[in-house]
Every structure is written in structure tokens, then in C-alpha cells.
Amino acid sequence: QVQLVESGGGLVQAGGSTRLSCAASGRTSRSYALGWFRQAPGTEREFVAAIRRSGTDTTYASSVRGRFTISRDNAKNTVYLQMNSLKPEDTAVYYCAAANSWITPTTSNLYDYWGQGTQVTVSS
């Protein structure tokens, strides 16, 4: 079992920046992929970014590439999402997740554990 607790989020002006954090506990050594997803009202959950637990492999959705950066600190069992140059279209509930493989890290149903979600609202 892995538990994920998110922090951060809130109100941000367009063009601004913020950082989300997700602290993991439990059997974190069994998780090979750490990811971020988001869901806006009336839409399905979509992939944002993912990072391999070991090494430096990362992948991003095209809509956020160059603006968002995913990182991790294994010693603290924490994954981060740095969000720069925010747009109103980035407004959503953001979820962190952990998966036991790196086969298809952009696919939501691959992930085994999910955080509670945190709201990010970008004003225009």
C-alpha cells in the first residue's frame, strides 16, 4: 500500500508560477513511476507529467512541455510539479499518482495509487 498526500495549489495569476508537492508513505520502493494528472469540470482526467523513480526518465503532455517540470526527492519520498507560465486553461484539480511499472506512464489506469487532488485556479 502507498499513501499519497498533496500540498500546494490555490489561486495564481496568468503567467505566474506555483509548485505542487506530493508526499508518499508506505511501500514506496515498489513504485516505479510517479505522475501528475489533472481534471477540469466536465472533462475526463488527463495526463500531465511522469518521472521514473530511478534514473532521470521523464515524459510530459504536449500542452505543458516547456512550462512544467516534474522532479522527485527519493530521500523525502516526495514528487514535485513546478508550474511556470500558467494559463487559464491549466485550471483543474491536480492529482499525483504512483504506478508499479514504467510501461505506459501516460495512461491513468496503469497507476495503482492516487492522491486526494488539489485545486489550481489560474486567473486571466
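Residues numbered from 1 in each chain as written. Predicted model: local features only at pLDDT ≥ 70, side-chain atom pairs only at ≥ 80, totals over all residues. Heavy atoms only, no water.

Engineer: Quick question: what am I supposed to make of the packing of aromatic side chains here?
Structural biologist: How two aromatic rings sit relative to each other is given by the distance of their centres and the angle of their planes. Scanning all chains against the criterion turns up four aromatic pairs. With centroids separated by 5.6 Å and ring planes inclined at 75 degrees, the aromatic side chains of Phe37 and Phe47 adopt a geometry described as edge-to-face. Of this pair, Phe37 sits in strand β4 (residues 33-39) while Phe47 sits in strand β5 (residues 46-52), placing them 10 residues apart in sequence. Per residue, the accessibility class of Phe37 equals that of Phe47, and both read buried. Put simply, the rings of Phe37, Phe47, Tyr111 and Trp114 pair up and form one aromatic cluster. For Arg45, the ring lying beneath its charged end belongs to Tyr95, and the centroid distance is 4.4 Å. Lying over the aromatic face of Trp114, Arg45 brings its terminal NZ or CZ to 4.4 Å of the ring centre. (Phe/Tyr/Trp six-rings, centres within 6.5 Å; stacked < 30°, edge-to-face > 60°. Helix = DSSP H or I, 4+ residues; strand = E, 2+ residues; numbered from the N terminus. Buried < 20%, exposed > 50% of the residue type's maximum accessible area, 1.4 Å probe, protein only. Lys NZ or Arg CZ within 6 Å of the ring centre and 35° of its normal.)

Engineer: Where do I start with the sheet that holds strand β8 (residues 78-83) in this structure?
Structural biologist: Sheets are built from strands paired through backbone hydrogen bonds, the pairs being either parallel or antiparallel. Spatially, β1-β3-β8-β7 is the arrangement adopted by the four strands of the open sheet, whose pairing is antiparallel. Looking along the sheet, the strands with just one partner apiece sit at the ends: β1 (2-7) and β7 (68-73). Mean inter-strand twist for the sheet, computed between neighbouring axes without regard to direction, equals 20 degrees. Of the strand pairs in this sheet, strand β3 (residues 18-26) and β8 are connected by six bridges, and their pairing is antiparallel. Along β8, the bridge assignment pairs Cys22 with Val79. (Pairing = 2+ DSSP bridges. Axes fitted to C-alpha atoms, helices over the stretch in contact; angles between N-to-C directions.)

These figures come from the coordinates and say nothing about function on their own.
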